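# Residue-level structural notes
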Amino acid sequence: MTVGIVVVSHSRALADAAVALAREMAPADLRIEVAAGLDGGFGTDATAIATAVGVADTGDGAVVLMDLGSAVLSAELALDLLDDPDARDRVLLCPAPLVEGLVVAAVTAGGGAGREEVAAEAAAALTAKQEQLGTPAPAVPASAAPGAGEVVDGFTVTLPHGLHARPAAKLAALVRGLPGEVRIRNTTTGSGWAPAASLTRVAALAALQGHQVEVSASGDDARAALDAVLDLAGRGFDEEAPTEAAAPLPSGGPFPASPGVALGPKRTAAAAAVTVPDDPAADPETERADLDRALAAAGREITMARDATAREVGPAEAGVFDAHLLMLDDPDLLAATRAGIAAGASAARAWADASERAAADLAGVGDAYLAARAADVRAVGDQVLRALVGAPDAAVVADGVLVAADLTPAQAAALDPARVLGVVLAGGSPTAHAAILLRARGVPAVVGAGRDVLEVPDGTPVALDGATGEVVLDPEPGVAAAFRDRAAEQAERDREARSHATAPAVTRDGVAVLVGANAGSPADAAAAAAAGADLVGLVRTEFLFLDRPAAPDVDEQEAAYRAVAEAMGGKRITLRTLDVGGDKPLPYLPVAGEANPFLGLRGIRLAAAHPGLLADQLTAMVRVAHDVPVSVMFPMVSAVEELHAARQALDAAIERVGRGTPEGLQVGIMVEVPAAALKAAAFVPHVDFFSIGTNDLTQYALAAERGNPAVAGLADPLDPGVLRLVDAVCRAAGDGPLVAVCGEAAADPLAAELLVGLGVRELSVAPAAVPGTKQTVRDVDAAAAADRAERALTADGPAAVRAAGDPDR
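None of these values were measured; they are calculated from a predicted model. (Residues numbered from 1 in each chain as written. Predicted model: local features only at pLDDT ≥ 70, side-chain atom pairs only at ≥ 80, totals over all residues. Heavy atoms only, no water.)

### Points about the sheet that holds strand β11 (residues 400-404)
- With mixed pairing, 7 strands are arranged side by side in an open sheet as β9-β13-β12-β11-β10-β14-β15. Unpaired on one side and paired on the other, β9 (255-258) and β15 (470-473) mark the two borders of the sheet. Ignoring which end each strand starts from, the neighbouring axes of this sheet average 30° apart.
- Together, β10 (261-268), β14 (461-465) and β15 form the strand contacts of helix α19 (residues 477-499), whose direction differs from that of β10 by roughly 120°. (Pairing = 2+ DSSP bridges. Helix = DSSP H or I, 4+ residues; strand = E, 2+ residues; numbered from the N terminus. Axes fitted to C-alpha atoms, helices over the stretch in contact; angles between N-to-C directions. Contact = heavy atoms within 4.5 Å.)

In structure tokens form, the structure reads like this:
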């Protein structure tokens, strides 16, 4: 039997949350009872507390923790309500803080301690927090230094999060079962000695990863006791090995990430891991200065990578580096690092610990978007750490096919396509930042190939097809020859496509298909015009609203949209209204935290909540539409009522401009929500076009977030379920509104063929993909594509769709 615990709180939700936290660190069979809240509200009830005490006390007594005020009075009254006088004597009311006290009480009781010790440990639960924050804690008698007959040894803390509550509890439980006395101290920080059986005193040592801990044992079998502690430390306190450093592999890989065929020797992309020196820390002021210098150096490197990517690839792709720069100023990350320095750690150790904790927190949350950003935190963390310890940068140089576990955005942006023939990643996601940059640079790539590819010796021939996801290691001569032929055919096809880039895209049986470009800036529009785009099928107007303290006014927006139109030489531009929200917040447009931002206040929903912002944007669009053909597109529409409200806002903007309805002005919606696709007929009378965003439509239809590598294999736009949604839109549109696709699927040759077969008549792709997409359309027979698309709708999965579209399979 063990001591039971009773939690008394005015709030049931608070009590339940605290208990859930405590159970993470305590034995499953520990009795913790809750007496909290009143029916329909807050409060405490003495009768409920007495009942909870009776359940929690199985003979060894119970410790009662209370939150505040009347909770204490109710607990005292509850003791008077107990019928058994002996039971009253076995109950201790503990003045500990509720959350910290409960956690400590749970692990102490779980270790077999008596109720007095449980209560005492809980009452001292704030010690570790007070010492970490530099707040004077109540005086605790210091243990004397080791004396005669004592044995001393030590160990290095290897746990990523240091000697935190769980390992401290295991240490305390072990020591309580040993004869004599065992004490420990943190020699890295110069702490005093603490009894190892005291959870709070051990936690107050703030022993972080890499810190040196000294152990002293005395009494009978002192050496055996010391060896038992060292053995526990050597096993990492039986904590599970950290796995967050290895990103989860996508299910169903390998699969395509960037089109193109490559054949060449394997070249390893494995930058040496950064080792944090065990050297003693300098004084905190010096360490803080080192941290500031490293942050500045990393900032310069990231800025250079951003600027180079913007010049060579495009501003939209360079946006990831703006997020990296923001991480360098993250207040929580910097506060955690400086707290580690104040506790005696070096700047390198404090930064490594803080950045890894931040990445682990993101990797472990339920929100897939945030979890996928853990890789970005680790990339920035590694960059700063290299600057701190003077390690060489992680740049990758290879002459052949690059094979790696994953690539950071900076590494992907820095690759030289003339030297890197292709890329094979063991993990990764086709929608990760690195994959987007590889596509933009025209480097063939396959992701999700599995960790076995990392074991292949350097120099081994590797063949890959980034359009199909094929990877062949050490191919037979005939297979290698086939890949070389395929690469030659692809090169000839690319030359042919570029030579006819400005010509219309018409299928072999005479069906015209517009091929536009997706743009995120005037520079993107200029690239689209140079590539032969028929129009801009999507202007991501967010480029005007990001990285600034306030929204742009009407005049600034008008100038930016005119710059896009001028770059296209008067061709039609499709201006999407602001598409931001919980997953892409703006500092001047606060949005409450959401459990799932992708299903929250974003797109047209956010615009409806800020009508002034939408009004300014529509006014600027209408001004431009009087001089060039403009299509206005509303994102994230799921209900007809939303479209009605948006069109009313557009009518109001037309009235404000005062020149009537612009000739050639078109209005449409993005189809990203499955419900919108299935009820497209309801939208038909109110739109001139539909533009299907296959990226979001796929993730919503398959419940697979497109930035999450763990489920990236599921997020396949060629899934028959997704194709059926596209088919539903095309059938509803009939001969009326034009149906476009502006998602990445439009650039995939097989997907483009199927989309044309389903009735899509506009494909909008990245500027660099325009010539190839036009050539794909020219090679298609629309009637045959319709038959193939009809068969794809009844396939059992995307693999069957691809197999049916490949005559060689």
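Alright, that's what it looks like, and here's the rest.
### Considering the pattern of salt bridges
- The full count for this structure, using the stated rule, is 30 salt bridges.
- Where R90 meets D57, a salt bridge forms, and the shortest distance between an N and an O atom there is 2.9 Å. Of this pair, R90 sits in the loop between α4 (85-89) and β4 (91-94) while D57 sits in the loop between α2 (46-56) and β3 (62-66), placing them 33 residues apart in sequence.
- In this structure D57 comes out as buried when scored by relative accessible area, which is 12%.
- Residue D716 pairs with R802 through a salt bridge whose shortest N-O separation is 2.7 Å. Pair noted here: D716 is in the loop between α27 (694-702) and α28 (720-733) and R802 is in helix α32 (residues 798-804), with a separation of 86 residues, a long-range link. (Salt bridge = Lys/Arg side-chain N within 4 Å of Asp/Glu carboxyl O. Buried < 20%, exposed > 50% of the residue type's maximum accessible area, 1.4 Å probe, protein only.)

### A look at α27
- All buried positions along α27 are accounted for by T694, D696, L697, T698, Q699 and Y700.
- Here the buried face of α27 lies against β21 (666-671), α25 (674-678), β22 (689-692), α28 and β23 (738-741).
- Positive phi shows up at A703, right after α27, with a value of about 50°.

### Re the confidence of the model for the protein
- For the protein, per-residue confidence averages 82 on the pLDDT scale, and 83% of positions sit at 70 or higher.
- Across residues 241-251 the pLDDT falls below 50, and counting only partners more than four positions away or on other chains, this stretch makes 29 contacts in the model. (pLDDT = per-residue confidence, 0-100.)

### Here's the deal with unusual backbone geometry
- Phi angles above zero are rare outside glycine, and D474 is one such case at about 50°.
- One can find D474 in the loop between β15 and α19.
- The backbone phi angle of A703 is positive, close to 50°, even though this residue is not glycine.
- Mapped onto the secondary structure, A703 falls in the loop between α27 and α28.
- Among the residues examined, A703 registers a relative accessible area of 70% and is labelled exposed.

### Focus: the sheet that holds strand β2 (residues 32-36)
- One open sheet holds the 4 strands; their spatial order is β2-β1-β3-β4, and the pairing between them is parallel. Both outer strands of the open sheet, β2 and β4, are each paired with one neighbouring strand and no more. With strand direction ignored, the average angle separating the axes of adjacent strands in the sheet is 20°.
- Of the strand pairs in this sheet, strand β1 (residues 4-9) and β2 are connected by 5 bridges, and their pairing is parallel. Paired with V8 across the strands is A35, a residue of β2.
- Packing against the sheet, helix α5 (residues 98-110) makes contact with β1, β2 and β3, and its axis sits at approximately 170° to β1.

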